[in-house]
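# Analysis of the macromolecular model
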Amino acid sequence: GENVEQHPSTLSVQEGDSAVIKCTYSDSASNYFPWYKQELGKRPQLIIDIRSNVGEKKDQRIAVTLNKTAKHFSLHITETQPEDSAVYFCAASTGYQKVTFGTGTKLQVIP
Amino acid sequence: NAGVMQNPRHLVRRRGQEARLRCSPMKGHSHVYWYRQLPEEGLKFMVYLQKENIIDESGMPKERFSAEFPKEGPSILRIQQVVRGDSAAYFCASSPAGMDIQYFGAGTRLSVL
């Protein structure tokens, strides 16, 4: 089955700096890669996703890149703000089936 | 359009009792997924269901756990004879047919005393 690894497990950045979270996946058939943000005690919320026919996708301060050959994808958050502090999960799916999640990155943005 | 609804939000059970967790998917969604999250850990897939069918239950323990998604009504995750190790947050997600984007409910936090 699919295995998703995520690094780092914790990340502290100064407000205004950029944050990068990296994930690798094992199943070359995976073609859908969502990213979720989970605040303490809350539900995971989809913040951005990318499909295997696209190399990069951007939504305001958030961008995701995908390297199919190397089987890794990354989340980039620019101009971080305190409200970006949360746990971020990457995930991979072969479509219409279960999604395999990474172990999460706890991001702390220091004011 | 109401989101994915889970109830109860908090559930306390004593060891040996049964726990029933309910999930109503978003309107128009026919696929339901259940995940378990232990404190400070990630989301672990348990089971994927469509109406009246279990599609993938590879993440569900073979004993004491069962899930259903009947033709009418919510999806139910049932845990029999609960043990302390079952204490966790259980999240349900749903997606429409033909799409892989999953939307999560607020979760049920199960505490086993």
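This is a predicted model, so every value here is computed, not measured.

About the criteria used
- The numbering scheme is per chain: residues are counted from 1 as the chain's sequence reads.
- A letter from A marks each chain and a number from 1 marks each ligand, given out in the order of writing.
- Confidence filtering applies because this is a predicted model: local features only for residues at pLDDT of at least 70, side-chain atom pairs given and counted only at 80 or more, and all residues used for totals across whole chains, interfaces and linings.
- As a rule here, side-chain values cover all heavy atoms of the structure and leave hydrogens and water aside.
- Any pair of residues with heavy atoms lying within 4.5 Å of one another is described as a contacting pair.
- Buried area is a sum: the accessible area each of two parts loses on coming together, probed at 1.4 Å, counted once for each and added.
- What makes a salt bridge here is a side-chain nitrogen of Lys or Arg within 4 Å of a carboxyl oxygen of Asp or Glu, nothing more.
- Under this definition, polar contacts are N or O atom pairs within 3.5 Å; protein pairs additionally need one hydrogen-donor-capable and one acceptor-capable atom, and for neighbouring residues in sequence, both atoms have to be side-chain atoms.
- Helix and strand assignments follow DSSP, with helices taken as H or I runs no shorter than four residues and strands as E runs no shorter than two, numbered in order from the N terminus.
- Polarity classes work like this: nonpolar for Ala, Val, Leu, Ile, Met, Phe, Trp, Tyr, Cys and Pro, charged for Asp, Glu, Lys and Arg, and polar for all others, with Gly in that last group.
- Three labels apply to residues, based on accessible area from a 1.4 Å probe with only protein chains included: buried if under 20% of the type maximum, exposed if over 50%, partly exposed otherwise in between.
- Strand pairing is assigned whenever DSSP identifies at least 2 bridges connecting the two strands.

### Considering the interface of chain A and chain B
- With 19 residues of chain A at the contact, the number on the chain B side is 21 residues.
- Here chain A packs against chain B, burying approximately 1,700 Å² in sum over the two surfaces, 54% of which is carbon and sulfur.
- Arg-51 of chain A serves as the salt-bridge partner of Asp-100 of chain B, at 3.0 Å between the closest nitrogen and oxygen.
- Between chain A and chain B we count five residue pairs in polar contact (both at pLDDT 80 or more) in total.
- Where the side of chain A that touches chain B is concerned, the elements lending two or more residues are strand 4 (32–38) and strand 5 (45–51) of chain A.
- Along the lines of polarity and charge, the residues of the side of chain A that touches chain B split into eight nonpolar, six polar and five charged.

### A word on the side chain of Gln-102 of chain B
- Of note, Gln-102 of chain B is situated in the loop between strand 9 (88–95) and strand 10 (103–104).
- The exposure class assigned to Gln-102 of chain B is buried, which follows from its relative accessible area of 1%.
- If we skip the residues at most four places from it in the chain, Gln-102 of chain B touches Tyr-36, Gln-97 and Val-99 of chain A together with Tyr-33, Tyr-35, Ala-93, Ser-94 and Ser-95 of chain B.

### Observations regarding the pairing of strand 11 (residues 108–112) of chain B
Residue and element names in this part refer to chain B.
- Of all five residues in strand 11, four are buried, a share of seventy percent or more.
- Here strand 9 pairs with strand 11 via three bridges, running antiparallel. The residue of strand 11 that forms the bridge with Ala-88 is Leu-110.

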